[in-house]
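In case you want the letters, here they are:
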Amino acid sequence: MFGGKGGLGKTTFSAATAYYLAKRGKKVLVFSVDPQASLTDIFERDIFGKGPTEIIPNLYAQEIDADRRVKEYQQEIRQKIFDMYGMDKIPEEIESYIQAAAAEPAMEESAIFDEVVDIVVKGGYDYYIYDLVPLGHALYYLSMASVYDAWIDKITGLREQMREYDQVAAVIRREKELDEDAILNELLYIKDRINKSSSILTDKKKTAFFFVITAEEMIIKDTLKAAELFAKFDVPLSGYIINRVLPSELKHQNIPEYLKNRLTMEEHYLKVIDTTFGKQILASVPEMERDVTGLPMIEKMAMAMFGEF
Ligand SMILES: Nc1ncnc2c1ncn2[C@@H]1O[C@H](COP(=O)(O)OP(=O)(O)O)[C@@H](O)[C@H]1O
Ligand SMILES: [Mg+2]
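Predicted model, so just to flag it, every value in this text is computed and none were measured.

Conventions and cut-offs
- Counting starts from 1 at the beginning of each chain's written sequence and moves along it residue by residue.
- Chain labels run from A onward and ligand labels from 1 onward, assigned in the order the entries are written.
- pLDDT decides what is reported in this predicted model: residues at 70 or higher carry local features, side-chain atom pairs at 80 or more are listed and counted, and totals for whole chains, interfaces and linings draw on all residues regardless.
- For the side-chain quantities, the full set of heavy atoms in the structure was used; hydrogens and water were omitted.
- Proximity is defined per residue: if any heavy atom of the residue lies within 4 Å of a molecule or strand, that residue is considered near it.
- Between N or O atoms, a polar contact is any pair within 3.5 Å; within protein, one atom must be a potential hydrogen donor and the other a potential acceptor, and residues adjacent in sequence are included only when both atoms are from side chains.
- The helix and strand labels rest on DSSP assignments: H or I over at least four residues marks a helix, E over at least two residues marks a strand, and numbering proceeds from the N terminus.
- Charged residues are taken to be Asp, Glu, Lys and Arg, nonpolar residues to be Ala, Val, Leu, Ile, Met, Phe, Trp, Tyr, Cys and Pro, and polar residues to be all remaining types, Gly included.
- Each residue is placed in one exposure class: buried if its accessible area under a 1.4 Å probe, protein chains only, is under 20% of its type's maximum, exposed if it is over 50%, and partly exposed if it falls in between.
- Two strands make a pair as long as DSSP finds a minimum of two bridges between them.
- Look down the strands so they point away from you; if the path from the first strand over the helix to the second goes clockwise, the crossover is right-handed.
- Definition used for salt bridges: Asp or Glu carboxyl oxygen within 4 Å of a side-chain nitrogen of Lys or Arg.
- Here the axes come from fitting lines to C-alpha atoms, over the contacting stretch only for helices, and the angles between their N-to-C directions go from 0 to 180 degrees.
- These descriptions rest on fixed angle ranges, namely under 35 degrees for roughly parallel, over 145 for roughly antiparallel, 65 to 115 for roughly perpendicular, and the rest for oblique.
- By the convention used here, residues are in contact when the closest approach between their heavy atoms is within 4.5 Å.
- Residue types Ala, Val, Leu, Ile, Met, Phe, Trp, Tyr and Cys, when buried and joined through side-chain atoms within 4.5 Å, form a set referred to as a nonpolar core.
- An expected span of 1.5 Å times one less than the residue number is assigned to each helix.
- By arc we mean the arc of the directions from the helix axis to the C-beta atoms, nothing more.

S.K.: How do you make sense of the site of ligand 1 when you look at a structure like this?
M.R.: The environment of ligand 1 is formed by 17 residues, the closest being G7, K10, T11, T12 and V292. A distance of 2.8 Å separates an oxygen atom of ligand 1 from a polar backbone atom of K10. With respect to ligand 1, the side chain of T11 contributes an N or O atom lying 2.8 Å from an oxygen atom. Mapped by element, the contributors of at least two residues to the shell around ligand 1 are α1 (10-23) and β7 (237-245). Per-element accounting of the shell around ligand 1 gives the leading share, 3 residues, to α1. A breakdown of the residues in the shell around ligand 1 according to their chemical character gives 5 nonpolar, 6 polar and 6 charged.

Pasting the structure below:
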């Protein structure tokens, strides 16, 4: 996973890393739920909402249509109400609740979380590269597993207790055995999925989280704060990649004052980055002559990140 503020290069690095791994014979899925449809732009292929699409051999890209996902998710909720309560129509107050909840960011996050869990738990690829939305979202997403887990533990506990009372009541009323508790089963199913996915997400052997940074004061400060928060949620932070470093040969050329100032400023913040992040810096990637779109530029970026391959 590549994290960092918007516009620093997460999608670019995700695509280039996927390209690099695919060229080395690994089967890779790079996917995003970014509504800005950025994988479509970088691969110059309309993949939005189309499921995994083969870009080159071994390289698949997928852009999740969050709106459609929310609608499907609502339908799944309705279906579960039908199945669990044996209803043939959703009561009006519940339907209006489902409608209202769709406008909540939390509903979208849950729907997306569910889809990401599906993708990762399903398997089929050697590597998954998750092109994350900007930092706040990423954190929310990653913290959700532990919040969900605690919440579900609590509800499951309460339900199990209630069930015991129900059973006693059933015996007293000389009723037949209770039906299986469909809701409890559903909760246990959700819990199992969350445990499975969060054990993948927080396992340093399986998951690597990289921060993209640039040589600017605000970015360095924000990244430091974010890194502290990430540590709280046991996110396995693997290191930092500096992006958009001006080519050093510029220094020895006859360049305008403006560019000289940029270079001096950059030199200063590169030193700050070095003293702040030290050995955790994994790579330094130059500012390219143009934006990174299309396979030839992606290949160039992959070489800048990983060296020859
Ligand atoms: N090293 C680089 N050289 C030139 N352009 C870059 C570089 N890194 C990123 N870009 C460009 O910057 C823009 C933002 O990058 P992107 O990967 O979409 O950021 P994010 O996904 O973090 O929002 C894109 O147009 C991309 O092509
Ligand atoms: Mg992006």
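S.K.: Looking at this structure, I do not really get the pairing of β7. What am I missing?
M.R.: Regular strands place their side chains on alternate faces of the sheet. Burial runs high along β7: 7 of the 9 residues are buried. Examined bridge by bridge, strand β6 (residues 209-213) and β7 share 5 bridges and lie parallel to one another. Each bridged residue has a counterpart across the sheet, and for V212 the counterpart in β7 is I241. Taking the sense of rotation as the criterion, the β-α-β connection linking β6, helix α8 (residues 217-232) and β7 turns out right-handed. Two strands pair when backbone bridges link them, and β7 and strand β8 (residues 281-286) are joined in this way by 4 bridges, in the parallel orientation. Pairing of V245 across the sheet is with P286, part of β8. Once the chain exits β7 it traverses helix α9 (residues 257-277) before rejoining the sheet at β8, and the crossover so formed is right-handed.

S.K.: I tried to follow the pattern of salt bridges on my own but got confused; where do I start?
M.R.: Here the idea is simple: oppositely charged side chains can pair when their charged atoms come close. Counting across every chain of the model gives 14 salt bridges. Where D46 meets K50, a salt bridge forms, and the shortest distance between an N and an O atom there is 3.1 Å. You'll find D46 and K50 in the same group, each marked exposed. The residue E72 makes a salt bridge to R69 at a minimum N-O spacing of 3.2 Å. Separated by 3 residues within a single helix, E72 and R69 lie in helix α3 (residues 66-85), roughly one turn from each other. Judged by relative accessible area, E72 falls into the partly exposed class, the value being 35%. We classify R69 as buried; its relative accessible area is 5%. It is possible to trace a salt-bridge network through shared partners that takes in R68, R69, E72, E76 and E115.

S.K.: I tried to follow the packing of α3 against helix α5 (residues 105-122) on my own but got confused; where do I start?
M.R.: If you want to describe how two helices pack, look at the angle between their axes and the distance between the axes. Interhelical geometry of α3 versus α5 gives an angle of 90° and a closest axis separation of 9 Å. On the basis of the axis angle, α3 is roughly perpendicular to α5. Contacts from A66, R69, V70, Y73, Q74, E76 and I77 in α3 reach M107, E108, S110, A111, I112, D114 and E115 in α5. In terms of residue class, the contact of α3 with α5 is made up of 7 nonpolar, 2 polar and 5 charged.

S.K.: Help me understand the environment of P296, please; the structure alone is not making it clear to me.
M.R.: If you trace the backbone, P296 turns up in helix α10 (residues 295-306). Residue class for P296 comes out exposed when judged on its relative accessible area of 67%. Distance from P296 to F277, taken between C-alpha atoms, is 31 Å for residues 19 residues apart in sequence.

S.K.: I tried to follow the nonpolar core on my own but got confused; where do I start?
M.R.: Across soluble globular proteins, you tend to see nonpolar side chains buried next to one another. Ranked by internal contacts, the top residues of the largest apolar core, which has 63 residues, are F43 and L59. Not counting residues within four places of it along the chain, the set of residues in contact with L59 comprises A18, Y19, A22, V28, V30, F43, T53 and E54. Ranked by size, the runner-up nonpolar core spans 5 residues in total, among them V70, Y73, A101 and A111.

S.K.: So what exactly am I meant to see when it comes to α9 here?
M.R.: Each α-helix winds once per 3.6 residues, and so residues spaced three or four apart point in a common direction. The end-to-end C-alpha separation of α9 is 30 Å, in line with the 30 Å expected for 21 residues at 1.5 Å each. Listed in full, the buried residues belonging to α9 are L263, E266, Y269, I273 and F277. All buried residues of α9 lie within an arc of 140° about the axis, which places them on one face of the element. Exposed residues lying more than 90 degrees from the buried face of α9 are E257, T264, K271 and T275. Residues of α9 that are buried sit in contact with β6, α8, β7 and β8. Within two residues after α9, G278 carries a phi angle of roughly 45°, on the positive side.

Honestly, it's all geometry; don't read function into it.
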